Every structure is written in structure tokens, then in C-alpha cells.
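# Summary of the model geometry
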Amino acid sequence: MIRFNKLVAQAEFLSPLKNFQPDSQPIEYREDPLLGLTSVVRTGRQFWGSLYKTDEALLKQMVEGSRGRCFFCPEKAATATPRFLPDFIPEGRLTRGEAILFPNLFAQKGHSAICVMTGQHYLPLNGFTPALLSDALKLSAEYIGRVHRAKAIKYAEIGWNYLFPGGASIVHPHLQVLCSDMAYYLLREMVARGQRHQDQYGRNFWEELVDTEQKKGERYLGRIGDTEWLLPFAPTREDEVNAVVRGRSHFLELGEADWEALAEGLCRVLRYYGAKGLSSFNLALYSGPLAASLPYFWMGLKIVSRTSVQPMPVNDVWYSNNILIDGFVTEPPEDLARGLRPYFS
């Protein structure tokens, strides 16, 4: 049984903004129904939204200033990016459509690849198309499959940091594709708690979550193919959107239609982000172990916005997020869902 636990409190003080009259501000403490992670929903911080508005002139300057030295652009990629060992991938690099995939020059895990998504040095958030994202995701899945078959690697992840505020060191759109024999902590917890939920209640946690959110109608966005899109009850970062793939526990179980559905949903989220004035984000696609089909786990993705390109940016990750693993948002997911839902209708 899924429970949405929260505690509502009030912060009270004498405000200099109101001539030192009493002020009261609402605070919500929420608990993730699967992991138990906590998140604070803090409304009323009007200034916070300005941190996420893009300085378009500065963004243009940043894009143009980095174009000449970008080794992900087509004119340099063939000579400036690494190749795979010939006994692993004889072609040296993998390609599909505009996408090209090659080893990460600075590996983060035992098998680390970069998937450059497009020949374009920069795309605005409404410039990404389902076909472009689909090709990049399918190419990433091909690489993961090759690593698994050659090395029996058990775990894989796909990530995307867009622009410098999101942690990217290069403007050019690209994915991180990582494979290893060790699962990261969050995945281990999700799998273990998913199994515990099914053992206790006789039902897949994510299936129950989707059904519950559909009935409540507060945070559910919609279904595309076998993918379900919704807002988390206890978000970790601003503008967080989640998706899961029905009945699939790992990347290698996905068919082409599943990758296309994920790409379509992501494009809808990115269009919303762009219309909201955002420019930077983080995305993670997570997967259960590649060697097993787990009836108690559904793979999925999480995407969050980051503070945008600005002359004097304020980092949106503070000690509570970075060290204590405590979520913090200023816009309740129920409000966010109302803005996103037209993009999924």
C-alpha cells in the first residue's frame, strides 16, 4: 500500500519587508513513498524563480565563444575523439542518424562512453526532436548491449547534463553512457524496496503508484506507448518529472517503440522547460540489472531543471541537498503538473 506522508508547518517571524509585522510562511515536509527520502516544499520564495530565467544574450555569447574549440562538432569529431579498442568495437565508433558514440576521454566508470546527439553545436530546448533523441537513446542502448554481451557487465545508466549550470563541460549536446559491475546506492535501494513492496502487498510498486496517481489526478501527466509520465510526490529538485516503462526492468528489454516513447515524452518536457524560460537541466535513465527480468522493478527516468545561464548565477545545490540528501523545491508538484499537463494532452 502506497502512502503519501507529509507534515505541514509554519515559519513565523517579524519581517522587515512588512515593517516588522508578523509574517507566516508555509512549509511542507514530504516523504518519498518508496525510498523514504525527505523533501521540503517551500512556497512563497518569489525571488527563487528569477534564478531559473535564462539570459539569452549571455547564452548566445557562450555558445558562439565555445563553437570554435568544440571537438564534438562534426569537423573535429573524427580526429579529436577517442576510438574503442578494435577487439571490442572494430568500427572504432558507433553511429546512428546524427548521433555518434565513442569512449569518454576521461572515464567515470569501467566502461564510459559519450554519445554526441547531433551535429549542431547548440540546440534550444524546443529544438530537440523525438527522432534526434530516439536515435541517441537507441545508439546508447546498442553500446550497452555490446558491453553486456562482451563483458557480462551487470549495470548501466544513461545521463545528460545540459549546459554549464547543469554540470556539462561542453555546450554541444551529449549523453553519458556508463556501465559497471557495481550498482549505485539509489538503484540498489529502489530494487530492494520494490521487491519488499511486492512481497508484502503482492503488487509491483510502480504499477500501484501509476494507478494511484491516475485516480488522484494531482500529479499524473499521461501515457505514451508503454511509458507513464508523472510528477513525484516528494521531488528532489525543481521541475522534477519522472517516467517509468511498464513491465520493463532493464534497458535491454526495451524495444524501439519504447525508446521512441521516451524520446517523445522528453521532448514534451523540454518544450515546457523552454517555455518557462529554463535552459539547463539534468536527466538520468536508470535500469535494473541487465541479466535478469525483475517483476518487482520498472526502469525509468528522472529529469530536473537547474539554474539557468546568467551573469551572476546562484547554485541551486546547497548543503542540505549536497550532503544531507534532502530535497528542496519552491513549486509544489501539483502546481507544476497543471502547467505540464497540456503538453501531454
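Remember, predicted model here, so these are calculated numbers, not experimental data.

How each quantity is defined
- Residues numbered from 1 in each chain as written.
- Predicted model: local features only at pLDDT ≥ 70, side-chain atom pairs only at ≥ 80, totals over all residues.
- Heavy atoms only, no water.
- Helix = DSSP H or I, 4+ residues; strand = E, 2+ residues; numbered from the N terminus.
- Rg over C-alpha atoms; globule rule 2.2 N^0.38 Å.
- Buried < 20%, exposed > 50% of the residue type's maximum accessible area, 1.4 Å probe, protein only.
- Contact = heavy atoms within 4.5 Å.
- Areas by Shrake-Rupley, 256 points an atom, 1.4 Å probe, with all protein chains shown as cover.
- Lys, Arg positive; Asp, Glu negative; His and termini not counted.
- Charge placed at Lys NZ, Arg CZ, Asp CG, Glu CD.
- Salt bridge = Lys/Arg side-chain N within 4 Å of Asp/Glu carboxyl O.
- Pairing = 2+ DSSP bridges.
- Axes fitted to C-alpha atoms, helices over the stretch in contact; angles between N-to-C directions.
- Parallel < 35°, antiparallel > 145°, perpendicular 65-115°, else oblique.
- Left-handed = near helix turned anticlockwise from the far one by under 90°.
- Nonpolar A, V, L, I, M, F, W, Y, C, P; charged D, E, K, R; others polar.
- Expected span 1.5 Å × (residues − 1).
- Polar contact = N/O pair within 3.5 Å; in protein donor to acceptor, adjacent residues only side chain to side chain.
- Disulfide = S-S within 2.5 Å.

The next thing to look at is the overall build of the chain. Along the chain, the regular secondary structure elements total eight helices and 14 strands. Here the C-alpha atoms of the chain give a radius of gyration of 21 Å, agreeing with the 20 Å that 2.2 N^0.38 yields for 345 residues. Overall size of the chain, expressed as C-alpha extent along the three principal axes, is 70 × 55 × 40 Å. Every one of the 345 residues in the chain was classed for burial, and the buried ones make up 54%. Pairs at least 24 residues apart make up 68% of the contacts formed inside the chain by residues separated by at least 6 positions. Here the chain displays about 15,900 Å² of accessible surface, and carbon together with sulfur accounts for 54% of that area. Treating the 38 positive side-chain charges of the chain as one cloud and the 38 negative ones as another, the clouds have centres 1 Å apart.

Quick look at the pattern of salt bridges now. Under the defined criterion, the tally for this structure stands at 31 salt bridges. Glutamate 28 is paired through a salt bridge with arginine 30; the nearest N and O atoms lie 2.9 Å apart. A residue is classified by how much of its surface remains accessible, and glutamate 28, at 19% relative accessible area, is buried. Judged by relative accessible area, arginine 30 falls into the buried class, the value being 3%. Counted as one network, the salt bridges with shared partners bring together Arg203, Glu207, Asp211, Arg223, Asp226, Glu228, Arg246, Arg248 and Asp258.

This part is about the environment of alanine 263. Within the secondary structure layout, alanine 263 lies in helix H6 (residues 256-275). Put simply, alanine 263 and asparagine 104 are 159 residues apart on the chain and 23 Å apart in space, counted from C-alpha to C-alpha. Apart from residues no more than four positions distant in its own chain, alanine 263 is found in contact with Pro130, Leu133, Ser134 and Leu137.

Counting buried positions over the five residues of strand S5 (residues 99-103) gives five, a clear majority of the element. Direction of pairing for strand S4 (residues 94-96) relative to S5: antiparallel, over a ladder of three bridges. Across the sheet, the residue bridging to arginine 96 is alanine 99, located in S5. The loop that links S4 with its antiparallel partner S5 comprises two residues; one of these, glycine 97, has a positive phi angle of about 60°. Here four bridges tie S5 to strand S6 (residues 111-116), and the two strands are oriented antiparallel to one another. Paired with isoleucine 100 across the two strands is valine 116, which belongs to S6.

Attention now moves to the sheet that holds strand S1 (residues 6-15). Consider a sheet: its strands pair through backbone hydrogen bonds, and that pairing is either parallel or antiparallel. Strand order in the open sheet formed by four strands is S1-S2-S3-S14, with mixed pairing between adjacent strands. The strands lining the two open edges of the sheet, one partner per strand, are S1 and strand S14 (327-329). Each strand axis lies, on average, 25° off the axis of its neighbour in the sheet, ignoring direction. Examined bridge by bridge, S1 and strand S2 (residues 21-31) share 10 bridges and lie antiparallel to one another. Looking at S2, one finds that glutamate 12 is bridged to serine 24.

What follows is about the packing of helix H3 (residues 130-151) against H6. Viewed as axis vectors pointing N to C, H3 and H6 meet at an angle of 130°, and their least axial separation amounts to 8 Å. Classified by the angle between their axes, H3 and H6 sit oblique to one another. Remark: the crossing between H3 and H6 carries right-handed chirality. For the pair H3 and H6, contact is made by Pro130, Leu133, Ser134, Leu137, Lys138 and Ala141 and by Glu256, Trp259, Glu260, Leu262, Ala263, Glu264, Leu266, Cys267 and Leu270, respectively. For the contact of H3 with H6, the per-class residue count stands at 10 nonpolar, one polar and four charged.

When the terminal C-alpha atoms of helix H5 (residues 205-216) are compared, their 16 Å separation across 12 residues agrees well with the 16 Å that a helix rising 1.5 Å per residue should span. Turning to H5, its buried residues are Phe205, Trp206, Glu208, Leu209, Val210, Asp211 and Glu213. Buried residues belonging to H5 abut helix H4 (185-201), strand S9 (220-224), strand S10 (227-230), strand S11 (241-245) and strand S12 (280-286). For H5, the N-terminal cap is asparagine 204; the gap from its side-chain oxygen to the backbone nitrogen of tryptophan 206 is 2.8 Å. Backbone geometry just downstream of H5 places glycine 217 in the positive-phi region, at approximately 75°.

This next bit is on the state of the cysteines. In a disulfide, the sulfur atoms of two cysteines are covalently bonded to one another. Evaluated as defined, the whole model comprises zero disulfides. The cysteine cysteine 115 is free of any disulfide, with cysteine 179 supplying the nearest cysteine sulfur at 13 Å. What makes cysteine 115 buried here is its relative accessible area of 0%. No disulfide involves cysteine 267; its sulfur sits 14 Å from the nearest other cysteine sulfur, which is in cysteine 115. Of the residues examined, cysteine 267 reaches a relative accessible area of 1% and is grouped as buried.

From the geometry alone we can't say anything about function, so treat these as descriptive.
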